[in-house]
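Below are the chains, spelled out letter by letter.
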Amino acid sequence: MTCACGKPLHYSDPKIRAGVEDLIARLGPTIEVAVIGGKKFKVPRHYIALHGIKATELPELAARLGFEEV
């Protein structure tokens, strides 16, 4: 399995990966994140766990990494 950044999932702690995978099993692989201006994007939970996210950077990240706008 790969991260949206293109690398294999790169968790440093297996417990964190297990927790994120449990969350994904219960709630799905993405979460809708809204930015100022009303735009929303489906962002992979693994990406957020591994890289964090700043709403101000999300439109550019979405365009570059292919996050779906909803």
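Residues numbered from 1 in each chain as written. Predicted model: local features only at pLDDT ≥ 70, side-chain atom pairs only at ≥ 80, totals over all residues. Heavy atoms only, no water.

Notes on the overall build of the protein chain
To keep it simple, the criterion reads: Helix numbers and strand numbers start at the N terminus; a helix is a DSSP run of H or I with at least 4 residues, a strand a run of E with at least 2. Two things to know: the radius of gyration comes from C-alpha atoms, and the globule rule equals 2.2 Å times the number of residues to the power 0.38. Relative accessibility under 20% of the residue-type maximum defines a buried residue, over 50% an exposed one, and the middle range a partly exposed one, all with a 1.4 Å probe and only protein chains included. Contacts were defined at the residue level, with two residues in contact if any of their heavy atoms lie within 4.5 Å. The Shrake-Rupley method, run with a 1.4 Å probe sphere, supplies the accessible areas, and residue values consider only the shown protein chains as cover. This count recognises Lys and Arg as positive and Asp and Glu as negative, with His and chain-terminal groups excluded. Where a charge lies is defined by one atom per residue type, namely NZ (Lys), CZ (Arg), CG (Asp) and CD (Glu).
In terms of regular secondary structure, the protein chain is built from 3 helices and 3 strands. Scaling as 2.2 N^0.38, a compact globule of 70 residues should have a C-alpha radius of gyration of about 11 Å, and the protein chain matches this with 12 Å. By residue count, 26% of the 70 residues in the protein chain fall in the buried class. Contacts in the protein chain between residues at least 24 apart in sequence constitute 42% of all its contacts with a sequence separation of at least 6. Counting only carbon and sulfur atoms, one obtains 56% of the accessible surface of the protein chain, whose full area is about 4700 Å². Distance between charge centres in the protein chain, computed from 10 positive and 8 negative side chains, equals 2 Å.

Description of the sheet that holds strand S1 (residues 30-34)
For clarity, the cut-off: Following DSSP output, two strands are said to pair if at least two bridges run between them.
The 3 strands lie next to each other as S1-S2-S3, forming an open sheet whose pairing is antiparallel. The outermost strands of the open sheet, each flanked by one partner alone, are S1 and strand S3 (68-69).

So, the pattern of salt bridges
Here is the rule we go by: Salt bridge, as used here: a side-chain nitrogen of Lys or Arg that lies within 4 Å of a carboxyl oxygen of Asp or Glu.
Applying the stated criterion across every chain, the model contains 3 salt bridges. One salt bridge in this structure joins arginine 17 and glutamate 21, with 2.8 Å as the shortest N-O distance. Here the residue arginine 17 and the residue glutamate 21 both occupy positions in helix H1 (residues 14-27), the gap between them amounting to 4 residues, near one helical turn. Arginine 17 sits in the partly exposed class, given a relative accessible area of 31%.

A few points about the nonpolar core
The test is simple: Think of a nonpolar core as a cluster: buried Ala, Val, Leu, Ile, Met, Phe, Trp, Tyr and Cys residues, connected wherever their side-chain atoms sit within 4.5 Å.
Core analysis: the biggest nonpolar cluster contains 15 residues, and Phe41, Val43, Tyr47, Leu58 and Phe67 have the highest contact counts within it. Going through the elements one at a time, H1, strand S2 (40-44), helix H2 (45-51) and helix H3 (58-65) are the ones with two or more residues in this core. Residue contributions to this core peak at 3 residues, all from H3. Excluding anything up to four places from it in sequence, leucine 58 contacts Val33, Val35, Phe41, Val43, Ile53 and Phe67.

Points about the pairing of S1
Sheet topology note: the S1/S2 ladder contains 5 bridges and is antiparallel. Bridge pairing links threonine 30 to proline 44 in S2. Counting the residues that bridge the hairpin from S1 to S2 gives 5 residues, and of these glycine 37 lies at a positive phi of roughly 105°.

Quick notes on the packing of aromatic side chains
For clarity, the threshold we go by: Any pair of Phe, Tyr and Trp rings, taking the six-membered ring for Trp, is counted once the centres come within 6.5 Å. Such a pair is stacked with planes under 30 degrees apart, edge-to-face with planes over 60 apart, and tilted for the rest.
All chains considered together, the criterion is met by 1 aromatic pair. Each ring, one from tyrosine 47 and one from phenylalanine 67, has its centre 5.5 Å from the other, and the planes form 70°; the classification is edge-to-face. On the criterion of sequence distance, the pair formed by tyrosine 47 in helix H2 and phenylalanine 67 in the loop between H3 and S3 is long-range, its members being 20 residues apart. The same class applies to tyrosine 47 and to phenylalanine 67, which are both buried.

In short, geometric facts, not functional conclusions.
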